[in-house]
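These are the residues of each chain, in order.
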Amino acid sequence: MKNKINPIKTSSESEENLINWNEIKNSAFKYLGKDIYESWIKNIELTKEYNHYVILTAPTRFVRDWIVSRYVDKILDLIQKQKQTIQRIEFEIKLQKSSISNSNEAGLSNFQQNYKKGNVASIEDSLLNYNRLDTKLNFENFVTGTSNQLAFMAAQKICEKNSSYNPLFIYGGVGMGKTHLLNAIGLKMSENLKIMYISAERFMYHFINSIKKNEMVKFKDFFRKTDVFIIDDIQFIRGKEAMQEEFFHTFNALVDRQSTIVISSDRAPSNLDRIQSRITSRLSGGLVVEIEPSDFDLRLEIIKKKHESTKQQFLDTKDLSEEVLKLLAAESQASIRDVIGALNRIQAFSRIYNKSPNVTESKIILKDIISVNARNLSIENIQKTVASYFTISLNEMLSPRRSRSLVRPRQIAMYLAKKLTTKSLPDIGRQFNNRDHTTVIHAVKTIENLIINDQSFKKSVEDLKGKFGQKE
Ligand code: ADP
Ligand code: MG
């Protein structure tokens, strides 16, 4: 595991301290807000710094796990601003007396104020800590647009009594709002039902732990006695056979007792390779809805709403001009998480410098975000954009049909996937309905030739590149 605790080294590798930890904590306060800071960051201390890594001390394992799963990238970012050579963070646990003798760990009381307990099922030890819903991720503050309307409606519908489709399967790319919707469903349903909300990764972690501790009976019992079972990021079980076996049984037991099941995934059931087909067919047996990549209008609305709520929370946050808001919506990619991250940056700037940045300044502030986003482009995103540019359907784009009107767009999509992502040729081929990598090579060569020889063709490809924030 990434977050293994390494013993502190006393070797001469340690050099003079360069990091001002208090300053980092102050920035963390600004970036993450008071609640998160007070609950999680305040009690973290810098214990040692080396050339390439630092050791931080967390009061409990739980706090460490939480920080590692949510904030560690941000903290690393802040550290790197002061000392660029740092590449990773390791944690040491400094157990406090009270947390050794009882499992109610420090930090948890704060946590409980923010997180709802309600009817959420509880189990001893650590599992308790993960089966919680974030009250901030609810239906009320989920902004809808054409890309997520259907998923939103389906999510609301499943909360009604006698909802006819089960399971509900929501899929979409990273940062599109899947976890937010799952959480909202959990919150709503926990008003009068017993719910279980867990990520597939956590589910697996407990599965393995239960085997080790010989507690499989308890495990089975726990997961099968819930009215609502919500599992996030199911793609995690790809290739993990024993896990799939267990999941399949859990799933069937839940169906038998007519529990509601909600699943999220980063891809459609049919694209969940390395998962047994009996499982994928069960997963798609209810309602399958996609959250599509966000469009400009949705991003703009989310940015506006978020900015308003930040202004209420931090009174020193400056107004932002419509142009800057639009720049944010235009330059960030489809992931809402990235959109919010970009906005946070602009807001932090406005607070630190006590002025609201203009468009030019905003571009400078967002420079690296914009280029990072371009690298994170997904092949599916490219396929969709190219398909809609040539007004063909995604199915046609992926189909085996070889008519010219389909072959060119397909080749362009392959070409762009090669040029704009870091995916390998076999990977790209696989995502084009399992085509061979030699087909991709051929496509790239063909398009490169056409670009040289045909000006209007070149223009189309450039147009498309522009849509992904790439300019020649
Ligand atoms: P995913 O699980 O698909 O990767 P998340 O649900 O974690 O994405 O969403 C990333 C961030 O964007 C979260 O902070 C979430 O609250 C926010 N978000 C996503 N979609 C919306 C939306 N439609 N309205 C408001 N906030 C959203
Ligand atoms: Mg998620």
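A. Quick peek at the overall build of the protein. Secondary structure summary: the protein contains 23 helices and ten strands in total. Across the 472 residues that make up the protein, the buried fraction comes to 48%.

B. Examining the site of ligand 1 more closely. With respect to spatial proximity, 17 residues lie near ligand 1, and among them Val143, Gly175, Lys178, Thr179 and His180 are the closest. Val143 has a polar backbone atom sitting 2.7 Å from a nitrogen atom of ligand 1. The separation between an oxygen atom of ligand 1 and a polar main-chain atom of Gly177 is 3.0 Å. Relative to its unbound accessible area of 560 Å², ligand 1 is 88% covered by the protein chains. Where the shell around ligand 1 is concerned, the elements lending two or more residues are α9 (178-189) and α16 (336-352). Looking at side-chain class alone, the shell around ligand 1 contains eight nonpolar, seven polar and two charged residues.

C. The sheet that holds strand β3 (residues 88-93), seen in detail. Here three strands make up an open sheet; going across it, the order is β1-β2-β3 and the pairing mixed. Two strands bound the open sheet, and with one partner strand each, they are β1 (45-49) and β3. For this sheet, the mean angle separating the axes of adjacent strands, direction not counted, is 30 degrees. Relative to strand β2 (residues 53-58), β1 runs antiparallel, the two sharing four bridges. Paired with Glu45 across the bridge in β2 is Thr57. Lying on the sheet, helix α4 (residues 72-82) is in contact with β2 and β3; it crosses β3 at an angle near 115 degrees.

D. Main features of the sheet that holds strand β10 (residues 287-290). Read across the sheet, five strands follow the order β7-β8-β9-β6-β10 without closing on themselves; strand pairing throughout is parallel. This sheet does not close on itself; its edge strands, each paired only once, are β7 (195-199) and β10. This sheet shows a mean twist of 15 degrees between the axes of neighbouring strands, independent of strand direction. Relative to strand β9 (residues 260-265), strand β6 (residues 168-171) is paired through four bridges, and the arrangement is parallel. In the sheet register, Leu168 faces β9, and the bridge partner there is Val262. Sheet strands touched by helix α10 (residues 200-212): β7 and β8 (228-232). Its angle to β7, the strand with the most contacts, is close to 95 degrees.

E. Layout of the nonpolar core. In terms of nonpolar packing, the biggest core is built from 28 residues, with Phe203, Phe229, Ile231 and Phe247 touching the most fellow members. Every element with two or more residues in this core is listed here: β6, β7, α10, α11 (216-224), β8, α12 (241-256), β9 and α13 (277-283). No other element matches α12, which puts five residues into this core. Ile158, Ile185, Ile195 and Val262 belong to the second-largest nonpolar core, a separate cluster that totals 27 residues.

F. Quick look at α9. An ideal rise of 1.5 Å per residue puts 16 Å on twelve residues; α9 measures up with 17 Å between its terminal C-alpha atoms. Of all twelve residues that make up α9, ten are buried, and the element is covered over most of its length. Turning to α9, its buried residues are Lys178, His180, Leu181, Leu182, Asn183, Ala184, Ile185, Gly186, Leu187 and Met189.

G. Inspection of the side chain of Ser294 at higher detail. Within the element layout of this structure, Ser294 appears in the loop between β10 and α14 (296-313). For Ser294, a relative accessible area of 8% gives the class buried.

H. Fine view of the pattern of salt bridges. Scanning the model with the defined rule gives 27 salt bridges in all. For the salt bridge of Arg88 with Glu90, the shortest nitrogen-to-oxygen distance reads 2.1 Å. For Arg88, a relative accessible area of 39% puts it in the partly exposed group. Put simply, Glu215 and Lys218 hold a salt bridge, and the shortest N to O gap is 3.5 Å. A relative accessible area of 28% places Glu215 in the partly exposed class. Ionic contacts of the salt-bridge type, sharing partners, join the residues Arg238, Asp266, Arg267 and Asp273 into one network.

I. View of the packing of helix α22 (residues 437-453) against helix α23 (residues 455-467). Relative to each other, α22 and α23 sit at 120 degrees, their axes nearing to 6 Å. In terms of their interaxial angle, α22 and α23 are classed as oblique. The way α22 lies across α23 gives a crossing that is left-handed. Contact with α22, carried on its side by Ile447, Leu450, Ile451 and Asn453, involves Gln455, Phe457, Lys458 and Val461 of α23 and no other residues of that element.

Thresholds, definitions, all that
Residue positions are counted from 1 within each chain, in the order its sequence is given. For this description, chains carry letters from A and ligands carry numbers from 1, given in the order in which they are written. Totals for whole chains, interfaces and linings use all residues, but because this is a predicted model, local features are given only for residues with pLDDT of at least 70 and pairs of side-chain atoms are given and counted only at 80 or more. Calculated side-chain values reflect all of the structure's heavy atoms, with hydrogen atoms and water omitted. For helices the rule is a DSSP run of H or I covering at least 4 residues; for strands it is a run of E covering at least 2, with both sets numbered from the N terminus onward. Each residue gets one of three labels from its accessible area relative to the maximum for its type: buried under 20%, exposed over 50%, partly exposed in between, using a 1.4 Å probe on protein chains only. By convention in these notes, a residue is near a molecule or strand provided one of its non-hydrogen atoms lies within 4 Å of it. Polar contacts, as counted here, are pairs of nitrogen or oxygen atoms within 3.5 Å of one another; within protein the pair requires one atom able to donate a hydrogen and one able to accept it, and residues that are adjacent in sequence qualify only if both atoms are side-chain atoms. Areas reported as accessible are Shrake-Rupley estimates using a 1.4 Å probe. Residue values count occlusion only from the protein chains shown. Gly is placed with the polar residues, together with every amino acid not listed as nonpolar (Ala, Val, Leu, Ile, Met, Phe, Trp, Tyr, Cys and Pro) or charged (Asp, Glu, Lys and Arg). Two strands form a pair only when DSSP identifies at least two bridges running between them. In this analysis, axes come from line fits to C-alpha atoms, helices being fitted only over the stretch in contact, and the angle between any two N-to-C directions falls in the range 0 to 180 degrees. Should any heavy atoms of two residues lie within 4.5 Å, those residues are considered in contact. In plain words, nonpolar cores are sets of buried Ala, Val, Leu, Ile, Met, Phe, Trp, Tyr and Cys residues tied together by side-chain atoms within 4.5 Å. Multiply 1.5 Å by the residue count of a helix minus one, and that product is the helix's expected span. The term salt bridge refers to a side-chain nitrogen of Lys or Arg lying within 4 Å of a carboxyl oxygen of Asp or Glu. Comment on the angle field: the value is read as roughly parallel under 35 degrees, roughly antiparallel over 145, roughly perpendicular from 65 to 115, and oblique elsewhere. Left-handed describes a crossing in which the near helix is turned anticlockwise from the far one by less than a right angle; the clockwise case is right-handed.

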